[in-house]
Amino acid sequence: MDHFLYRDGLLHAEGVAIPDIAATLGTPFYVYSAATLTRHYRLFTEALAPLPHLVCFAIKSLSNVAVLKLLGDLGAGMDVVSGGEYLRAKAAGVPGDRIVFSGVGKTREEMRLALEGGVRQFNLESEPEMRALSEVATALGVVAPVTVRVNPDVDAKTHAKIATGKSENKFGIPIARAREVYAEIARLPGLKVVGIDVHIGSQLTELAPFEAAFQKVRELTLALRADGHDIRRLDLGGGLGIPYTRSNEAPPLPTDYGAMIKRTLGDLGCEIEIEPGRLISGNSGLLVSQVIYVKNGEGRDFLILDAAMNDLVRPSMYEAHHDIIPVAEAIPGSPTQPFDVVGPVCETGDTFGKGRELPLMAEGDLVAFRSAGAYGAVMASEYNSRPLVPEVLVQGDHFAVIRARPSFDEILKRDILPEWL
Ligand code: LLP
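The rules we used
- Residues numbered from 1 in each chain as written.
- Predicted model: local features only at pLDDT ≥ 70, side-chain atom pairs only at ≥ 80, totals over all residues.
- Heavy atoms only, no water.
- Helix = DSSP H or I, 4+ residues; strand = E, 2+ residues; numbered from the N terminus.
- Buried < 20%, exposed > 50% of the residue type's maximum accessible area, 1.4 Å probe, protein only.
- Polar contact = N/O pair within 3.5 Å; in protein donor to acceptor, adjacent residues only side chain to side chain.
- Disulfide = S-S within 2.5 Å.
- Near = heavy atom within 4 Å.
- Areas by Shrake-Rupley, 256 points an atom, 1.4 Å probe, with all protein chains shown as cover.
- Phe/Tyr/Trp six-rings, centres within 6.5 Å; stacked < 30°, edge-to-face > 60°.
- Contact = heavy atoms within 4.5 Å.
- Pairing = 2+ DSSP bridges.

Things to note about the environment of Arg414
Position of Arg414 among the secondary structure elements: in the segment after helix 12 (408-413). Of the residues examined, Arg414 reaches a relative accessible area of 51% and is grouped as exposed. A distance of 2.5 Å separates a polar atom in the side chain of Arg414 from a polar atom in the side chain of Glu382.

Quick look at the structure:
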């Protein structure tokens, strides 16, 4: 459920009519619903209670500091994968002891930044990385809390580009080698084991791969405890999928996911951490765009929008589907027609959808891409020198621009002409 509904014939974000935002800010823009973000975060905390737990929002899915502050103020932790994301979490007022640092290639600078600013744990992904962290921590005179991300060799049954839990993927340490790696950590002076981490992929639409991975984590917990390690936290990663269409897609709900976690791991006395991104942010956001032209092609009509692949790359990068709906509600029974919905970028890949059935559209009409809150704005670029897409947060009847559209002046100022030109 989300808070983007038609009222009086116009699409609203909570109590705000989308055309009112477009009139102030221009298009395209992302708009997020605070009520939906809050609701989705709470679904997870409710699903995991009464187990001790921390829901660490995966910042990579939606990293605007205003959104992070909203979630952080509710008590959320944050999952970060770079120094930049760490600084965003801190800028949002999230204390270090609620920030977990993931990622396959943390640099020494990033390790130092997090150790100095405070961090709940590092999720380590390789032996060279753990040796580097031990050195950095020792030089700072501190001990770094760590887990090891194990690779359980489980097929997540999702898009190949976002599956991470098979042995051929670059992520984690093969679970079969975990005991030997934990033994080495115990010998390193700058590290202290606090638990185990696993993340097998994103947009999972079945519970079985999670359960298979968590079962392996359970066995590993018992084995590592027998070896004398203090396994008190289990970080189970993110990955729960969302419905991208309003048809019959029904991925498991957070309550089912929570019940499965309790069933597989609930008796171990561990604090459970999860790192959901998409399920919290995905259906909390729309990308709103305007029709520039309706072009009649040969045997097909193109809806040329002012949003492009640089603003929302998921369709061209993963062949991802986003529902595209008119902002002015279609009158039931009125005619529709199929459109190929495209952006103005000079690539055929700049296509959002083919043969999308929409009401008859005209220049200036607004459309909205649903489920665009996750991996939308964060993956945007300025390709074709198109300004980075702005972001808006709605709460009740109010909206605020939480990232402005840069002016061309600002964009041009970033380029530097060398003296010798
Ligand atoms: N934790 C780790 C270690 C991750 O690598 C990820 C996502 C998450 C948590 C959050 O996963 P989520 O709950 O959002 O599924 N750009 C792609 C998705 C990439 C996901 C990368 N890792 C897309 O647009 O579908």
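Picking up where we left off.
With respect to the state of the cysteines
What the rule picks out here adds up to zero disulfides. Distance from the sulfur of Cys56, which forms no disulfide, to the nearest cysteine sulfur (Cys270) is 15 Å. The class for Cys56 is buried, based on a relative accessible area of 1%.

Quick notes on the site of the ligand
Taken together, 18 residues lie around the ligand, and Ser202, Glu275, Arg278, Arg314 and Tyr375 are the ones closest in. A distance of 3.4 Å is found between a nitrogen atom of the ligand and a side-chain nitrogen or oxygen belonging to Asp79. Here an oxygen atom of the ligand and a backbone polar atom of Gly277 are 2.9 Å apart. Coverage of the ligand by the protein amounts to 91% of the 590 Å² it exposes when considered alone.

Comments concerning the packing of aromatic side chains
One pass over the structure, following the stated rule, counts seven aromatic pairs. Note on Phe210 and Phe214: the rings are 5.9 Å apart at their centroids and 40 degrees apart in plane angle, and the pair reads as tilted. In this pair, Phe210 and Phe214 are both assigned in helix 8 (residues 208-226), four residues apart and thus about one turn of the helix distant. The buried category is assigned to Phe210, whose relative accessible area is 0%. Grouping aromatic residues by their ring pairs yields a cluster made of Phe44, Phe210, Phe214 and Tyr257.

A few points about the side chain of Arg149
Looking at the element boundaries, Arg149 is found in strand 9 (residues 144-151). Within the local environment of Arg149, its side chain forms a polar contact with the backbone oxygen of His199, the two atoms lying 3.0 Å apart. Dropping the residues within four chain positions of it, Arg149 is found in contact with Leu124, Glu125, Thr164, Phe171, Gly172, Ile173, Asp197 and His199.

Focus on the sheet that holds strand 1 (residues 4-7)
Pairing within the open sheet is antiparallel, and its three strands lie in the order 1-2-3. Whereas interior strands pair on both sides, the edge strands pair on one side only; in this sheet they are strand 1 and strand 3 (16-17). In the sheet, strand 1 pairs with strand 2 (residues 10-13) via four bridges, with the strands oriented antiparallel. The residue bridging Phe4 from the neighbouring strand is Ala13, located in strand 2.

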